[in-house]
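These are the residues of each chain, in order.
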Amino acid sequence: MTIASILVVEDEVKVARAVKEGLEAEGYQVALARNGEEGFRAAAGPFDLIVLDLMLPGCDGIEVLKRIRAGGSAIPVLVLTARDTIEDRVEGLDAGADDYLIKPFAFPELIARIRALLRRGRADAALRLRLADLELDRVDRTVVRGSVPIDLTPREFDLLEYLLRHQHALVSREMIAREVWREPNRGTPLDNVIDVHIARLRRKVDQDCAVKLIHTVRGVGFILGEDEP
Ligand code: CA
């Protein structure tokens with residue numbers, strides 16, 4: 001396996017240095033950018049993942065993230081934020097973050113999130129996606145739970161595939177609207193459509209099963225996983 005290369009965009013010198021040294025000790029290649037402009041320019045490089053602080057002088061992290069996504073890049077981005085409110089988290093996810101971590105964070109937590117995102121990146125190429133006894137075959141476009149086939153509409157299939165790709169992570173309605181419905185503008189009608197599809201998917205996937213896989217996080221979105229969030 002090649003060594004993963006990570007761009008860290010962080011203006012606080014002490015934090016940046018600590019993160020760089022810690023990641024290098026874990027075997028990653030690390031480049032630093034000290035502000036938003038520098039981060040945006042550097043993001044065009046051959047990185048596998050970006051760790052992006054939201055509070056940056058000048059062009060802030062959200063702006064950097066929006067510009068990276070506007071350029072068509074799907075690189076995994078882990079956002080660091082000191083602002084622990086649901087609104088800010090949703091703002092980060094809306095702008096295209098794959099995950100976020102609240103400052104101050106424990107270093108092992110940062111490593112765990114980075115590993116999960118890098119794994120997920122590799123899973124993009126996988127033909128079969130699995131969670132517990134749920135399995136989705138992307139070639140045959142079939143889904144089974146245990147040994148029971150599940151009949152899904154094309155949209156339900158795409159939605160489940162998206163959730164499986166992002167399993168154990170919080171997925172907002174905005175992410176689903178953008179990535180599954182290909183609808184960049186958030187709208188209440190679409191929120192309702194998404195909720196209806198989630199409800200149907202839940203009935204088909206989780207009904208009659210002891211372990212529920214589709215969980216709602218009130219006011220934020222959904223998590224696919226074996227455990228209650
Ligand atoms: Ca900062």
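Each remark here, short or long, concerns the structure printed above.
Now for a description of the structure that goes with this document. (Residues numbered from 1 in each chain as written. Predicted model: local features only at pLDDT ≥ 70, side-chain atom pairs only at ≥ 80, totals over all residues. Heavy atoms only, no water.)

**Structural notes on the overall build of the chain**
This is how it is decided: Per the convention used, a helix needs a DSSP run of H or I reaching at least four residues, while a strand needs a run of E reaching at least two, with both numbered from the N terminus. The reference for a compact globule is 2.2 Å times residues^0.38; the radius of gyration itself is calculated from the C-alpha atoms. A simple rule labels every residue: compare its accessible area, found with a 1.4 Å probe on the protein chains alone, to the largest value its type can have, and call it buried under 20%, exposed over 50%, or partly exposed in between. The contact rule is simple, with two residues in contact once any of their heavy atoms fall within 4.5 Å. Every accessible area reported is derived by Shrake-Rupley at a probe size of 1.4 Å, with residue values counting cover from the shown protein chains alone. Counted as positive: Lys and Arg. Counted as negative: Asp and Glu. His and the chain ends are not counted at all. Here the site of a charge means NZ on Lys, CZ on Arg, CG on Asp, or CD on Glu.
Of the regular secondary structure elements, the chain holds eight helices and 12 strands. Relative to its length of 229 residues, the chain is compact, with a C-alpha radius of gyration of 18 Å against a globular reference of 17 Å. In terms of principal-axis extent, the alpha carbons of the chain reach across some 55 × 40 × 30 Å. Scored against the burial criterion, the 229 residues of the chain give a buried share of 45%. Within the chain, counting contacts between residues at least 6 apart in sequence, those at least 24 apart form 56% of the total. Carbon and sulfur atoms make up 52% of the accessible area of the chain, which totals about 11,700 Å². Computed over 33 positive and 39 negative side-chain charges, the separation of the two mean positions in the chain equals 1 Å.

**Considering the coordination of the calcium ion**
This is how it is decided: Metal donors: N, O and S atoms at distances within 2.8 Å, or within 3.2 Å for Na, K and Ca, with water omitted from the atom set so that some sites may seem incomplete.
Note on the calcium ion: its protein donors are Asp11 (OD), Asp53 (OD) and Met55 (O). The metal-donor distances range over 2.1 to 2.3 Å. For the calcium ion, all donor residues lie on one chain, and their spacing in sequence is D-x41-D-x1-M. A relative accessible area of 48% means that methionine 55 is categorised as partly exposed.

**Section: the pairing of strand β2 (residues 29-33)**
For clarity, the cut-off: Should DSSP find at least two bridges between two strands, the strands are taken to pair.
Looking at chain direction, strand β1 (residues 5-9) and β2 are connected through five bridges and run parallel. Bridge pairing links valine 9 to alanine 33 in β2.

**Quick notes on the nonpolar core**
To keep it simple, the criterion reads: By nonpolar core we mean a set of buried residues, namely Ala, Val, Leu, Ile, Met, Phe, Trp, Tyr and Cys, connected to one another through side-chain atoms within 4.5 Å.
Counting residues in each nonpolar core, the largest one holds 53 residues, and the members touching the most others are Ile50, Leu160 and Ile176. By residue number, the principal contributor to this core is helix α6 (residues 154-165), which donates six residues. Excluding its chain neighbours within four sequence positions, the residues that come into contact with leucine 160 are Leu134, Leu136, Val143, Leu152, Leu201 and Val205. Ranked by size, the runner-up nonpolar core spans 17 residues in total, among them Val8, Val51, Leu78 and Ile114.

**Some remarks on helix α3 (residues 61-70)**
This is how it is decided: The reported arc concerns the directions from the helix axis to the C-beta atoms and nothing else. The term polar contact refers here to a pair of N or O atoms within 3.5 Å; inside protein, the definition further demands a hydrogen-donor-capable atom paired with an acceptor-capable atom, and it admits residues adjacent in sequence only when both atoms are side-chain atoms.
Taken together, the buried positions of α3 are occupied by Gly61, Ile62, Val64, Leu65 and Ile68. For α3, the angular spread of buried residues about the axis comes to 160 degrees, placing them on one side. Sitting at the head of α3, aspartate 60 places a side-chain oxygen 3.3 Å from the backbone nitrogen of isoleucine 62. Trailing α3 by a residue or two, glycine 72 shows a phi angle of about 90 degrees, which is positive.

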